[in-house]
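# Structural features, examined
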Amino acid sequence: MLSALYSSVIHVNEKSINISVLENSYMYIDESSTLNFKDIQKKDFKPFLVDYVRLGYIDATLWTKFSIKNDSPQDMTRYISISNPTFDTVELYTKIQKKYKKESQGLWHLNQYKRNNILHPSFKVEFKAHEMKEFYYKTHSIDSAHYFKLHIKDINTLYEDEFSYQLILSMFFGAMLALVLYNVFIYFFTRELSYLYYILYILFTTLYYASYSIMLDYILPENSNMIDIFMDFYSLALANIAALLFIKVFLNIKQYKRHNIIINMILVLNIMHILIYINGSYLIEYSLYIILVTFVFILYISAFSFYKKNPQAKYILIGWSFNFSGVLMISLQQYGLPNIIDYFPHFCALTIFMEAILFSVALSSKLNTTKALQKAVKTNKILTRELHHRVKNNMQFIILMYRLKLDSLNNKDVEQKLRESEGAVQAISKTHEILYNQNDLENIDTQGYFTNLIDELEKSFNTTKIKIYLEVKDTLDVQNSIHCGIILNELITNSFKYAFKDGEGVISIKLIKKDKKHIFTVEDNGEGFDYEQKQHDSFGLSFVETIVVDELGGTILFDTSDGTKVKMNF
């Protein structure tokens, strides 16, 4: 077996900054987790051959054996880093002469090493010129699933990867905090329970993800791993309860007697789940079953309400579909099955954020139809302006975090998605900024608003050869401005991305009023597209149509015979 090990040596040199370990390693699973290191050395290790451990929840210990050789004529320092930061125990045994040096990291060993703001366990290993070393790597956890990748990194790559991981999560938590504050202000105006339940849902969901991602360690005191475990479970269960209460009130489920009984039963199930919690060694695994049942039912009741012509159900259905996809991927990951998170670690955070944005649109729609809130806004202009000021500042904070992340990204697909999300946030932020700086809180300077949005999009796509002509001869109220801003962001983004292959072209935007109707036209002289083919496949086009028809109460016409022309009447 030793000869086989040395035939799969991992070679590194001064240019090796990030090398996968697992496909050149050997593994052994200690099912009872009772064997000591001497016993393990006698066991028959099997080739691993793949670059990802995906075992799910197991009450066992995984041992990985590998050798690394420094092919460089110089001494070298590298770090063995694991992708999953949630393990209770991670140990590295390094062969030095005829003995093995043991190092321990993980959540149960935080007092034994300095993390240096690095959440992923990472062991420093030093090599002399042309030196080869043998390693045993032990992973064990009773509170999280067994999944990870293992890499050898230089110090720059280690910190760059950690910075990217923590920055994206910080951006996510900042966005969630902004949404919480936004809905807190609205709740104080309306005193509607749906806003309170939604605030609690976002709060508990954010706490769960902070615990799941280990970012909660920055808040909790040292050696508080048991608090982290309890927080992981309780925040997940309480988010379930808050989501059910929100859906029950927001969609008025009481009018459907059978469905109301079912939702009450699921609420009781979640409450009992909390009450029977004695120790955290097993419950996270089973709590995933309960959260899946809850999410599937909410998805069903949202579809049912949409079928019953509930005007707010459409956004809830789309938003919850995003959220459910994220929860489903986490569940697949936890049970050791292939999933998107293996390749896009922040997929769940993205789905939660998309769901929160769509829920906010739904809440905004309901807000617009509440007479009591309309009266409160008219009689409390100073308070409303302060609200717009605070929301604008929070939105600008989110945009700043996006731009900081974009500066360090190398993944073009992820970068493009973040830019598109930034545009949607920018559209909402600009509305609140203009409202804060003017006395009229019911109508908006549409010319200035559209100009600001266009300037931000041009900066985001760094284009100078695409000319944009804007003609505004109409004024919109606040709600219509927000919807038209989101539509404008989506359509201009599509033109920048797809219309002009040579990077040159013209986009024309026109807003006029005729016969008491607003006529909003966006067109370009690009290549156009097959509308019949795209209308069912493109989320962006469907989203624009939904806003025009359902929120603006208008009609929309696509003409793609010569370029692309979108004409909206409302």
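Up top you'll find the structure we're talking about.
Predicted model only: the values in this text are computed from it and were never measured. (Residues numbered from 1 in each chain as written. Predicted model: local features only at pLDDT ≥ 70, side-chain atom pairs only at ≥ 80, totals over all residues. Heavy atoms only, no water.)

### Comments concerning the overall build of the protein chain
Within the protein chain one finds 16 helices and 20 strands. For the protein chain, the accessible area works out to roughly 26,900 Å², and carbon and sulfur atoms hold 55% of it. (Helix = DSSP H or I, 4+ residues; strand = E, 2+ residues; numbered from the N terminus. Areas by Shrake-Rupley, 256 points an atom, 1.4 Å probe, with all protein chains shown as cover.)

### A word on the nonpolar core
The tendency in soluble globular proteins is for nonpolar side chains to be buried side by side. Judged by nonpolar contacts, the single largest core of 110 residues is most densely connected at Tyr201, Tyr209, Ile487, Ile509, Phe520 and Met568. Other than its neighbours up to four places away in sequence, methionine 568 contacts Ile487, Leu491, His518, Ile519, Phe520, Val522, Val548, Thr555 and Ile556. Core analysis: the second largest hydrophobic core is formed by 24 residues, Val12, Val53, Ile68 and Tyr137 among them. (Core = buried A, V, L, I, M, F, W, Y, C linked by side-chain atoms within 4.5 Å. Buried < 20%, exposed > 50% of the residue type's maximum accessible area, 1.4 Å probe, protein only. Contact = heavy atoms within 4.5 Å.)

### Side note on the packing of helix 13 (residues 446–461) against helix 14 (residues 478–499)
One way to put it is that helix 13 packs onto helix 14 with a least axis distance of 10 Å and a crossing angle of 30°. Judged by the angle between their axes, helix 13 and helix 14 are roughly parallel. At the point where helix 13 passes helix 14, the crossing takes the right-handed sense. Residue-level inspection shows Tyr449, Phe450, Leu453, Ile454, Leu457, Glu458 and Phe461 of helix 13 in contact with helix 14, the latter providing Ser481, Ile482, Cys484, Gly485, Leu488, Asn489, Ile492, Thr493, Phe496 and Lys497. (Axes fitted to C-alpha atoms, helices over the stretch in contact; angles between N-to-C directions. Parallel < 35°, antiparallel > 145°, perpendicular 65-115°, else oblique. Left-handed = near helix turned anticlockwise from the far one by under 90°.)

### Some details on the environment of asparagine 183
Secondary-structure assignment places asparagine 183 in helix 3 (residues 155–190). It is 6.5 Å that separates the C-alpha atoms of asparagine 183 and isoleucine 199, two residues lying 16 residues apart in sequence.

### Topic: the pairing of strand 13 (residues 150–153)
Burial of the side chains of strand 13 extends over both faces: Leu150 and Ile152 are buried on one face and His151 and Lys153 on the other. In terms of strand pairing, strand 7 (residues 76–82) meets strand 13 through four bridges, oriented antiparallel. Residue isoleucine 80 lies in a different strand from strand 13, and its bridge partner there is isoleucine 152. (Pairing = 2+ DSSP bridges.)

### Let's talk about the sheet that holds strand 2 (residues 18–20)
Read across the sheet, four strands follow the order 2-13-7-10 without closing on themselves; strand pairing throughout is antiparallel. Two strands in the sheet have a free side with no partner beyond their single neighbour: strand 2 and strand 10 (122–127). When the angles between neighbouring strand axes are averaged without regard to direction, this sheet yields 25°.

### Some points on unusual backbone geometry
You will see that leucine 49, though not glycine, has its phi angle at about 75°, which is positive. Residue asparagine 252 is not a glycine yet carries a positive backbone phi of 55°. Summarising the element assignment, asparagine 252 is placed in the loop between helix 5 (225–250) and helix 6 (257–275).

### A look at the environment of glycine 56
Locating glycine 56 in the fold gives a position in strand 5 (residues 53–56). Distance from glycine 56 to tyrosine 335, taken between C-alpha atoms, is 4.1 Å for residues 279 residues apart in sequence.

### Here's the deal with the pattern of salt bridges
Summed over the entire model, instances satisfying the criterion amount to seven salt bridges. For glutamate 471, the salt bridge identified is with lysine 473, shortest N-O distance 3.2 Å. Note on glutamate 471: relative accessible area 29%, which makes it partly exposed. One network of salt bridges, in which partners are shared, links Glu91, Lys102 and Lys138. (Salt bridge = Lys/Arg side-chain N within 4 Å of Asp/Glu carboxyl O.)

### Comments concerning the packing of helix 4 (residues 193–212) against helix 8 (residues 313–334)
Contact geometry for helix 4 and helix 8: axes closest at 15 Å, N-to-C directions at 30°. In terms of orientation, helix 4 lies roughly parallel with respect to helix 8. Here helix 4 runs over helix 8; the crossing is left-handed. Here Tyr201, Tyr208 and Tyr212 of helix 4 come into contact with helix 8, specifically with Trp320, Asn323, Ile330, Gln333 and Gln334. Among the residues making up the contact of helix 4 with helix 8, the classes are represented as five nonpolar, three polar and no charged. (Nonpolar A, V, L, I, M, F, W, Y, C, P; charged D, E, K, R; others polar.)

### What about the environment of aspartate 455?
Relative to the helices and strands, aspartate 455 is located in helix 13. A relative accessible area of 34% means that aspartate 455 is categorised as partly exposed. The sequence separation of aspartate 455 and isoleucine 468 amounts to 13 residues, and the corresponding C-alpha distance is 9.9 Å.

### Looking at the packing of aromatic side chains
Applying the stated rule across the entire model yields 24 aromatic pairs. Measuring from centroid to centroid gives 5.6 Å for tyrosine 100 and tyrosine 136, while their planes differ by 75°, and the two rings are edge-to-face. Here the residue tyrosine 100 occupies a position in strand 9 (residues 99–105), and tyrosine 136 occupies one in strand 11 (residues 132–140), the gap between them amounting to 36 residues. Overall, the relative accessible area of 3% leaves tyrosine 136 in the buried class. Look at phenylalanine 127 and phenylalanine 135: their rings are 6.3 Å apart centre to centre, the planes differ by 75°, and that puts the pair in the edge-to-face class. Residue phenylalanine 127 is classed as buried on the basis of its relative accessible area of 2%. Members of the aromatic cluster, each reached through a chain of ring pairs, are Tyr28, Phe37, Phe45, Trp63, Tyr93, Tyr100 and Tyr136. (Phe/Tyr/Trp six-rings, centres within 6.5 Å; stacked < 30°, edge-to-face > 60°.)

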